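Each chain, letter by letter, is given below.
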Amino acid sequence: MNKKLIEGFSKKTKEEKLDWVAQCFLDNDPEVRKLLLTYWHEDVALQKLHDEFSENTLSNFYMPFAIAPNFLINDEPYVLPMVIEESSVVAAACKSAKFWLERGGFKTHVQSIRKPGQVHFLMHTTISRLEKFFKQVLEERLFKGTEEITKSMRARGGGILEITLKDKSVELSDYFQIEAIFDTCDAMGANFINSCLEQFTQILKWEVAASDHFDEEEKNSLQVIMCILSNYTPECIAHAEMSCQIKVLEDDFGMTAKEFASKFHRATDIAVCEPYRSVTHNKGIMNGVAAVAIATGNDFRAIEACAHAYACKSGRYTSLTNFELKDDLFRFWIDLPIAVGTVGGLTTLHPLVRLSLRMLGNPSAKKLMEIIAVSGLAQNFAALSSLITNGIQQGHMKMHLLNILNKLGATDAEKNYFVNFFKDKTVSHHLVLKEWKKLKS
């Protein structure tokens, strides 16, 4: 067998895995082991905990753990933990938080917390027969057959809210769904939802086989394809907004308040109608959303997928944020579909996740939804404000300056020199290199 192919890799020790990768893919470079060992925790128990978060771990991949202070949310002060490698994102969050601190802060509420999951199945029958079977037999059996699974969740005020039968046979021949809507309280709830759906699958098979609603050919045609929660949660919405009379914006952006509000309005309109802009606009929102989601141990990939799907709910991709200027009131808001948890998963295992949640006052899932929505809205406000005034590169490149200097191997003294050099100049990679050559000549 080719030495670059291997069987039983997961059964090897971490050291054996490291040696194999180094030998087969990294030219047996002795610096590889040194590099990976550098990022191991000295605390053996803590390292073992991190190893068990994933599969085939070799080391830890560090990301900066930052904070953005001065967020005022529903009249309460917050400091937001953010895990992200882009310094300008944290700087933008801080800037927005400080700006709105003196203008009433952010107002939030959760509109709904309904999370869906489906059993996807094929059956060669009519929707009328299925609906009759569902109403007379299946619906009640599904609720009763999952009572043991839902018991503790129901005790906390959650559980299965409703179960419906959906006809999808127009899109795909013989395709139907059993869809359930869940309230998972402070848990993200993926395991809970999927356990319920798997039980649904068994109950569906049992009840169809025993039913007199179908003939034998129909019964034999039943084929459950899969059952799983959906990460698209358009009924799990957090609303966040900022507002003020435009007169208090006077002289803040190098233009009149009315001119700023007008340009801001148009910038938002462009993000609404032009998908090429919408994608970048929403990506900026997700910079803030994902940074807080990661810091609090939540699935940022599911959150991003849901947000982008929601941006297409009208049939075309559009902005996640909205703007209104009415009676001289500047109002900017977001309705963000987001499913998060504050119990279970990494929230009780990862030490920094626990610290992040503690920093936020150990919030409920609803409160965390609101906080994350605020982070996304704050990012968007900062980005649009920069774009319609000085442009985004001036601030972005100043934050990027240290990355360029680190790549060049600059000393602390040289970094200080460049920070002072660019105090009255726009940072560019070309200009940094030009000045670097002068400094080193």
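Conventions and cut-offs
- Residues numbered from 1 in each chain as written.
- Predicted model: local features only at pLDDT ≥ 70, side-chain atom pairs only at ≥ 80, totals over all residues.
- Heavy atoms only, no water.
- Phe/Tyr/Trp six-rings, centres within 6.5 Å; stacked < 30°, edge-to-face > 60°.
- Lys NZ or Arg CZ within 6 Å of the ring centre and 35° of its normal.
- Disulfide = S-S within 2.5 Å.
- Helix = DSSP H or I, 4+ residues; strand = E, 2+ residues; numbered from the N terminus.
- Buried < 20%, exposed > 50% of the residue type's maximum accessible area, 1.4 Å probe, protein only.
- Pairing = 2+ DSSP bridges.
- Axes fitted to C-alpha atoms, helices over the stretch in contact; angles between N-to-C directions.
- Contact = heavy atoms within 4.5 Å.
- 1 Å grid on protein atoms, 1.4 Å probe; cavity = no way out; pocket = protein on both sides within 12 Å on 5 of 7 lines; lining within 4 Å.
- Points joined across faces, edges and corners; volume = space filled by probe spheres on them.
- Nonpolar A, V, L, I, M, F, W, Y, C, P; charged D, E, K, R; others polar.

J.: Break down the packing of aromatic side chains for me, citing the residues and quoting the values.
T.: For the coordinates displayed, the defined rule picks out 27 aromatic pairs. Both rings, one in F421 and one in F422, keep their centres 5.0 Å apart while their planes meet at 90°; by these two values the pair is edge-to-face. Aromatic rings pair up to connect F99, W100, F253, F260, F264, F323, F330, F332 and F381 into one cluster. Residue placement shows K14 over the ring face of W40; its charged tip is 3.8 Å from the ring centre. Directly above the aromatic system of W333 lies the positively charged group of R331, at a separation of 4.1 Å from the ring centroid.

J.: Can you lay out the state of the cysteines for me, pointing to particular residues and giving the numbers?
T.: Put plainly, two cysteines are in a disulfide when a covalent bond ties their sulfur atoms together. Inspection of the entire model under this criterion finds zero disulfides. The cysteine C185 is free of any disulfide, with C236 supplying the nearest cysteine sulfur at 12 Å. No disulfide involves C273; its sulfur sits 15 Å from the nearest other cysteine sulfur, which is in C312.

J.: Now, about the environment of S88: what can you tell me, with residues and values included?
T.: With respect to the secondary-structure elements, S88 resides in helix 4 (residues 87–101). Overall, the relative accessible area of 15% leaves S88 in the buried class. Separated by 312 residues in the primary sequence, S88 and H400 have C-alpha atoms spaced 7.8 Å apart.

J.: Break down the sheet that holds strand 6 (residues 175–183) for me, citing the residues and quoting the values.
T.: Spatially, 5-6-4-7 is the arrangement adopted by the four strands of the open sheet, whose pairing is antiparallel. One side of each edge strand has no neighbouring strand; the edge strands of this open sheet are strand 5 (159–167) and strand 7 (223–229). Taken pair by pair, the neighbouring strands of this sheet meet at an average axis angle of 15°, ignoring direction. Alignment of strand 4 (residues 115–122) against strand 6, held across eight bridges, turns out to be antiparallel. Residue pairing in the sheet places P116 in a bridge with I181 of strand 6. Where helix 5 (residues 127–145) meets the sheet, its contacts fall on strand 4, strand 5 and strand 6, and the angle it forms with strand 5 comes to roughly 165°. Running over the sheet, helix 7 (residues 190–210) touches strand 4, strand 5, strand 6 and strand 7 and is turned about 160° from strand 7.

J.: Give me the layout of surface pockets: which residues, what numbers.
T.: Roughly 1300 Å³ of volume is contained in the largest pocket. As for the largest pocket, its lining consists of 39 residues, of which F53, I294, L346, H350 and V353 are closest to the centre. Every element with two or more residues in the lining of the largest pocket is listed here: helix 3 (44–51), helix 7, helix 10 (275–295), helix 11 (300–310) and helix 12 (351–359). When residues of the lining of the largest pocket are assigned to their parent elements, the largest contribution, four residues, is made by helix 12. Its residues assigned to classes, the lining of the largest pocket comprises 20 nonpolar, 16 polar and three charged.

So yeah, pure geometry; function would need other evidence.
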